[in-house]
Amino acid sequence: MASRLYCCWTYLWIILFRSVSADSDSLPRYNISRYPANFDQATQNCSPGVLTTFATKQEISNILKLISDSVQGNFTFWIGLKKPKDACIFPHRPLRGFKWTEDGGEHSDVIHWAAEPQQTCTSVLCAALTGGFDRSAGSRWSLTAVTCKNKYHFICKLRDGLTRPMAENRETGVKTTTADPVPTTSEPKLETAVECWSNDLLELHCQGRPSVWRLPDESPANFTTICQKCEVGFKKDASAKCVDVDECGGGEAHCKHTCLNTQGSYRCVCADESGNAHEEDSPACLRSVTVEEGGPLRGVLVPVLVAVVALVVLVVIVTVIVKCCVMRRSKKKKAEKKAEKMVRLTGSS
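A quick note: this is a predicted structure, and the numbers were derived from the prediction, not measured.

1. Some details on the pattern of salt bridges
And then number 1: Applying the stated criterion to the full structure yields seven salt bridges.
And then number 2: A salt bridge links Lys-157 to Glu-59, with the shortest nitrogen-to-oxygen separation between them at 3.3 Å. Taken together, the positions of Lys-157 in strand 7 (residues 153-158) and Glu-59 in helix 3 (residues 57-70) put the pair 98 residues apart, joining distant regions of the chain.
And then number 3: Judged by its relative accessible area of 7%, Lys-157 is buried.
And then number 4: The buried category is assigned to Glu-59, whose relative accessible area is 8%.
And then number 5: Here the salt bridges do not stand alone but share partners, grouping Glu-59, Glu-102 and Lys-157 into one network.

2. A word on the pairing of strand 16 (residues 265-271)
And then number 1: Across five bridges, the pairing between strand 15 (residues 258-262) and strand 16 is antiparallel. Looking at the pairing, Thr-262 lines up with Ser-265 of strand 16.
And then number 2: Hairpin remark: strand 15 followed by strand 16, antiparallel, with two residues in the connecting loop; positive phi at Gly-264, about 85°.
And then number 3: Two elements, strand 16 and strand 17 (residues 277-279), share three bridges in a ladder whose sense is antiparallel. From the neighbouring strand, Cys-270 faces strand 17, where its bridge partner is His-278.

3. Examining the environment of Glu-247
And then number 1: Tracing the backbone shows Glu-247 in helix 4 (residues 247-250).
And then number 2: When its relative accessible area of 5% is taken as the criterion, Glu-247 is described as buried.
And then number 3: Distance from Glu-247 to Tyr-266, taken between C-alpha atoms, is 6.6 Å for residues 19 residues apart in sequence.
And then number 4: When sequence neighbours within four positions are dropped, the list of residues in contact with Glu-247 reads Gly-233, Glu-252, Ala-253, Asn-261, Gly-264, Ser-265 and Tyr-266.

Cut-offs applied
- Residues numbered from 1 in each chain as written.
- Predicted model: local features only at pLDDT ≥ 70, side-chain atom pairs only at ≥ 80, totals over all residues.
- Heavy atoms only, no water.
- Salt bridge = Lys/Arg side-chain N within 4 Å of Asp/Glu carboxyl O.
- Helix = DSSP H or I, 4+ residues; strand = E, 2+ residues; numbered from the N terminus.
- Buried < 20%, exposed > 50% of the residue type's maximum accessible area, 1.4 Å probe, protein only.
- Pairing = 2+ DSSP bridges.
- Contact = heavy atoms within 4.5 Å.

Worth remembering: the numbers are spatial, not functional.
Spelled out as structure tokens, the structure:
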């Protein structure tokens, strides 16, 4: 009899333990994103989960606890609460006509609106969770109706352990917040950004079976080297590769003649009459500078000198012609006066 009771109690405890474990496994997990996004982007980045609901007292307590552990001071987060375009604002309803994007429901145990949403039946509105923490007053929070195009951080909710705690590797300077997707028939794709300590921002996406973080060129992301600095003269591109910096095209080079871009650096060169390139500080380039500095002057001076000589010659010719004409006219007048004088003398005699 005792052995039967022992077996029954053991079987009962196994059932209860499995039930509790199953319930524990099915509890939602929450992630806080560190990268701002608009409402649609936040919804997409939470996949395969959803933007969190904020409906029950237990859920509100859990989320506020998570925020208090991660954020200091005031906060603003997207949650999964939205008013569709064809719906109206109803002042008498707790959610004022907003619905949870998770299931389309309107249930809420506790609701505080910072201000009454603007009454409309045509505009799309989204709700943001705003508030802060005060040591004396404790936590304060409220909902705010805003345009869905604003960019805020957001809180995701997933079940069955689909989330991953945010990791920050200070050695590589990588911050990640988005959870890896689990294999599904639709192969959901997640996108996030990696911020390096050098302020470079790299775009990543997670997709496939098994799920792998990949760069835009589809190569796997190596989080050990992805934020390592490039050598001098190189910079990171969107795929985290070190590519050459074009100093000639970027205005970083200051050459007197021609700038020639090279891998990791640049050269200042000049070309001689045969077209051969020489370093800018070479004797050939220095002679070229002298020639080029004098060449344009000679090119301008010769036509000027020719013009001046031609003008002088023209002035001399005109002067000679005028002088000859004056002399002829003077001789003619003298001859006429002499003739008149002779006529007078002849007439008087």
